[in-house]
Amino acid sequence: MGAGHAHPLYREDDSPVHRLPVEVKIVAAAVGVLAVVATPREQMWAFGLYSVVLLAVWQIARIPLRWIAPRMLIEAPFVVLAVLLPFGEGDERVRWAGLSLSVAGLYAAWGILIKGTLGVLTSLTLAATTRTAELPLGLTRLRAPALVTTVVVLMLRYMDLLAAEANRMRVARISRGDDPRTLRQIGATARGVGGLFLRTYERGERVHLAMASRGFTGAMPDLGAPAATARGWLLGLTPSLGAVTVCLTALAVAG
């Protein structure tokens, strides 16, 4: 996997956040997401503070809102689920715009929507400031299991390749008169998915054997990227420590 490979979510820049060691950014993102998840959904003020922390990080990383907004579409399935929950059964109900809504469902919808949104935004921030090739190295430095690192390496290396393979199969089908938009072609679509899965499995085996024959043991070689210093950990984890403080305060208030 070439060091210069960048995924579509990466935003090229030289901001202080981009320059942070990758292991610091991984830990910071994980701690921030855990703090958001652990916050009681009734403490709405806390989620406003989390948003302020994210906005501050984007300002430092020079990530504009117009870049983040279209990439939030990945959250669409969670939004659909959240919209349906208030119409479920519940003991206490309120009326709004002629609709009878469940109070428990409204809280559940709010929790899913806000926590999912903040989690996606945190992940997008990590992706925007971290090259693909750096992630396995960060996992190795964090002493992640070798099997996990191997899976991540293979996934990152061949994600784009398999997407291109699927597109080639689709073009080949269309050039032979197939129309994947019609229901009568659902059988051909299913066979195409099965064929792509088999190709993926076989390619993964060949790649793993090739890597093992070259001495790969599951640990990414350190190619000279500077490791995190105490100052780097302190600076990188400052937003996450702020999020943890907000979470603990919200838990104390909720009592």
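As the structure is a prediction and not an experimental result, all values here were calculated from the model.

About the thresholds
- Residues numbered from 1 in each chain as written.
- Predicted model: local features only at pLDDT ≥ 70, side-chain atom pairs only at ≥ 80, totals over all residues.
- Heavy atoms only, no water.
- Helix = DSSP H or I, 4+ residues; strand = E, 2+ residues; numbered from the N terminus.
- Buried < 20%, exposed > 50% of the residue type's maximum accessible area, 1.4 Å probe, protein only.
- Polar contact = N/O pair within 3.5 Å; in protein donor to acceptor, adjacent residues only side chain to side chain.
- Contact = heavy atoms within 4.5 Å.
- Axes fitted to C-alpha atoms, helices over the stretch in contact; angles between N-to-C directions.
- Parallel < 35°, antiparallel > 145°, perpendicular 65-115°, else oblique.
- Phe/Tyr/Trp six-rings, centres within 6.5 Å; stacked < 30°, edge-to-face > 60°.
- Left-handed = near helix turned anticlockwise from the far one by under 90°.
- Nonpolar A, V, L, I, M, F, W, Y, C, P; charged D, E, K, R; others polar.
- pLDDT = per-residue confidence, 0-100.
- Expected span 1.5 Å × (residues − 1).
- Arc of directions from axis to C-beta.

## Details of the side chain of Thr-117
No. 1: Positionally, Thr-117 belongs in helix α6 (residues 103-129).
No. 2: Given the relative accessible area of 18%, Thr-117 is considered buried.
No. 3: Engagement of the side chain of Thr-117 in a polar contact is seen with the backbone oxygen of Leu-113, the distance being 2.6 Å.
No. 4: Once residues lying within four places of it in the same chain are set aside, the contact partners of Thr-117 are Met-72, Glu-75 and Ile-112.

## A word on the packing of helix α2 (residues 22-38) against α6
No. 1: Packing of α2 against α6 brings their axes to within 9 Å, and their N-to-C directions diverge by 175°. Considered as vectors, α2 and α6 are oriented roughly antiparallel to each other. Contacts between α2 and α6 involve Lys-25, Ile-26, Ala-29, Val-33, Val-36 and Val-37 on the former and, on the latter, Lys-115, Leu-118, Gly-119, Thr-122, Leu-126 and Thr-129.

## Here we look at the packing of aromatic side chains
No. 1: Using the criterion set out here, one finds 2 aromatic pairs in the structure.
No. 2: With centroids separated by 6.0 Å and ring planes inclined at 70°, the aromatic side chains of Phe-47 and Tyr-50 adopt a geometry described as edge-to-face. In this pair, Phe-47 and Tyr-50 are both assigned in helix α3 (residues 44-61), 3 residues apart and thus about one turn of the helix distant. With respect to burial, Phe-47 and Tyr-50 carry one shared label: buried.
No. 3: Taking the centre distance of 5.9 Å and the plane angle of 85° together, the rings of Phe-47 and Trp-110 count as edge-to-face. Pair noted here: Phe-47 is in helix α3 and Trp-110 is in helix α6, with a separation of 63 residues, a long-range link.
No. 4: Judged by its relative accessible area of 27%, Trp-110 falls in the partly exposed class.
No. 5: Grouping aromatic residues by their ring pairs yields a cluster made of Phe-47, Tyr-50 and Trp-110.

## Looking at the environment of Ile-63
No. 1: Within the element layout of this structure, Ile-63 appears in the loop between α3 and α4 (65-71).
No. 2: Ignoring any residue separated from it by four or fewer positions in sequence, one finds Ile-63 in contact with Arg-11, Trp-58, Ile-68, Thr-125, Ala-128 and Thr-129.

## With respect to the packing of α3 against α6
No. 1: α6 packs onto α3 with a crossing angle of 15° between their chain directions and a minimal axis gap of 11 Å. Judged by the angle between their axes, α3 and α6 are roughly parallel. The handedness of the crossing between α3 and α6 comes out as left-handed. Residues Met-44, Phe-47, Tyr-50, Ser-51, Leu-54, Val-57, Trp-58 and Ala-61 of α3 lie in contact with α6, whose contacting residues are Tyr-107, Trp-110, Ile-114, Lys-115, Leu-118, Leu-121, Thr-122, Thr-125 and Thr-129.
No. 2: Residues that form the contact of α3 with α6 fall into these classes: 12 nonpolar, 4 polar and 1 charged.

## Quick word on the confidence of the model for the chain
No. 1: Put simply, the chain has an average pLDDT of 81, and 84% of its residues get 70 or more.
No. 2: Mean pLDDT across the elements of the chain bottoms out in strand β1 (residues 93-96) (71) and peaks in α3 (95).
No. 3: Here residues 1-5 scores under 50 on pLDDT; set against residues more than four positions off or in separate chains, the count is 12 contacts.

## Regarding the environment of Leu-55
No. 1: With respect to the element layout, Leu-55 can be found in helix α3.
No. 2: Its relative accessible area of 45% is what places Leu-55 among the partly exposed residues.
No. 3: Here the alpha-carbon distance between Leu-55 and Leu-65, two residues 10 residues apart in the chain, equals 9.0 Å.

## Examining the side chain of Glu-23
No. 1: In this fold, Glu-23 is placed in helix α2.
No. 2: What makes Glu-23 buried here is its relative accessible area of 4%.
No. 3: At 3.1 Å, the side chain of Glu-23 forms a polar contact with the backbone nitrogen of Ala-228.
No. 4: Dropping the residues within four chain positions of it, Glu-23 is found in contact with Gly-138, Arg-141, Leu-142, Ala-227, Ala-228 and Trp-233.

## Things to note about α3
No. 1: If you check α3, its first and last C-alpha atoms are 26 Å apart, about what 18 residues at 1.5 Å a residue would give, namely 26 Å.
No. 2: Buried residues of α3: Ala-46, Phe-47, Tyr-50, Leu-54, Val-57, Trp-58 and Ala-61, and no others. The arc that holds the buried residues of α3, viewed along the axis, is 125°, so those residues lie on one side. Summarising the geometry of α3, the exposed residues directed more than 90 degrees from the buried face are Val-52 and Gln-59.
No. 3: Contacts from the buried residues of α3 go to α1 (16-19), α2, α4, α6 and α10 (230-254).
No. 4: Within two residues after α3, Arg-62 carries a phi angle of roughly 60°, on the positive side.

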